[in-house]
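Chain and residue survey
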Amino acid sequence: MPMSAGGLRELKKNRTRQLIADTANALFRARGFDEVTVDEIAAAAQVSKKTVFNHFPTKEDLVFYRAENREAMSLAAVTDRPAGVSILDSFRALCLAQTRFVAGMRRDLVHPRSFFDLVSGNPSLERKMHEVNERITRVLADALAAEAGAEPGDPLPRIVASTLVGAQRALYRRLRQRVREGGPDEEIERAHRADVERVFDLLGKGLGGYPPG
């Protein structure tokens, strides 16, 4: 069946967005975030500056272009989990699946400026990272509160959401560190699985019953 006009427009929009993001990040890695202008990104991607800002409201958003995907996956672990699966086990599975990023991490580490190298020590990018993590935590807390029927101002949804996001981030960073240190993929993945099980087994002793039912 041929794609609809709306589907073709969406496909073109997504391709343009990806082209801009790929172009920007190639320039950032080659020269550094502060040394590249939005005008240069637009010229290299062969789009207008307005088009860049239509897709990415700020220059920092170009570095965090995958943030929406991360938010969607994290939220789906709460709202789309199968019946009978706890929040913790859903996030356990999400963190176990982080091993699919090992190959990409290896490629990323080859570059003179990886994602974390770009962010580390750059005040505007560090603020943006904080904003991204804060937004994901808030979205998860809202979903948890809705499921639990929590009263307004109840701190538990926020505490649980912060814990889950913190665990996810810490496990990802540890996985990335293992990749940086080298070793066969099988050993890295086995060690990561052990980390995930240890973390979520411990969390299960305190958070396993939330939300109730």
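Because the structure is predicted, anything quoted here is derived from the model rather than measured. Within every chain, residues take consecutive numbers counted from 1 along the sequence as written. Reporting of local features is limited, given that this is a predicted model, to residues whose pLDDT is at least 70; pairs of side-chain atoms are given and counted only at 80 or more, and all residues count toward the totals for whole chains, interfaces and linings. Side-chain measures were taken over the full set of non-hydrogen atoms in the model, leaving aside hydrogen atoms and water.

With respect to the packing of helix α5 (residues 67–79) against helix α6 (residues 87–96)
How two helices sit against one another is set out by the angle between their axes and by the gap between those axes. Two numbers describe how α5 lies on α6: the axes approach to 8 Å, and their chain directions differ by 145 degrees. Between α5 and α6 the crossing geometry is right-handed. Along the contact surface, α5 presents M73, S74, A77 and V78, while α6 presents I87, S90, F91 and L94. Every axis in this analysis is a line fitted to C-alpha atoms, fitted for helices over the stretch in contact. Angles between the N-to-C directions lie between 0 and 180 degrees. Only DSSP runs of H or I with at least four residues qualify as helices, and only runs of E with at least two residues qualify as strands; both kinds are numbered from the N terminus onward. Helix crossings get a hand from a simple test, with the near helix turned counterclockwise from the far one by less than a right angle marking a left-handed crossing and a clockwise turn marking a right-handed one. Note on contacts: a residue pair is in contact if any heavy atoms of the two residues lie within 4.5 Å.

So, the packing of aromatic side chains
Stacked, tilted and edge-to-face are the three classes assigned to paired rings of Phe, Tyr and Trp, where Trp is represented by its six-membered ring and a pair needs centres within 6.5 Å; plane angles under 30 degrees give stacked, over 60 edge-to-face, the rest tilted. Inspection of every chain in the model, using the stated rule, returns 5 aromatic pairs. Relative to F33, the ring of F28 lies with its centre 5.0 Å away and its plane at 55 degrees, an arrangement referred to as tilted. We call a residue buried when its accessible area falls under 20% of the maximum for its residue type, exposed when it is over 50%, and partly exposed in between, using a 1.4 Å probe and counting protein chains only. On the basis of relative accessibility, which here comes to 5%, the residue F33 falls in the buried class. Between F101 and Y172, the ring centres sit 6.1 Å apart and the planes meet at 70 degrees, which makes this aromatic pair edge-to-face. Note that F101 is positioned in the loop between α6 and α7 (102–110) and Y172 in helix α10 (residues 156–181), a separation of 71 residues in sequence. Of the residues examined, Y172 reaches a relative accessible area of 26% and is grouped as partly exposed. Taken together, the aromatic side chains of F64, F101, F115, F116 and Y172 make up a single cluster linked through ring pairs.

Some thoughts on α10
Here α10 spans 37 Å end to end across 26 residues, near enough to the 38 Å set by a 1.5 Å rise per residue. Restricting attention to buried positions, one finds in α10 the residues P157, V160, A161, L164, V165, A167, Q168, L171, L175, R176, R178 and V179. Against α5, α6, α7, α8 (115–119), α9 (123–148) and α11 (185–207) lie the buried residues of α10. In this analysis, the expected span of each helix is defined as 1.5 Å times one less than the number of residues it contains.

Focus on the domain arrangement of the protein
Looking at the protein, the domain boundaries give domain 1 (8–59) and domain 2 (69–206). Segment limits for the domains were obtained from an automatic or database-derived domain assignment. Its C-alpha centre places domain 1 at a distance of 27 Å from the equivalent point of domain 2. Across the boundary between the two partners, domain 1 contributes 7 residues, which contact 9 residues of domain 2. Accessible surface is computed with a 1.4 Å probe, and the buried area is the amount of it that two parts give up when combined, taken over both parts together. Carbon and sulfur atoms supply 48% of the area that domain 1 and domain 2 bury against each other, a total of about 680 Å² over both sides. Broken down residue by residue, the surface that domain 1 buries against domain 2 is led by F28, R29 and F33, which jointly contribute 75%.

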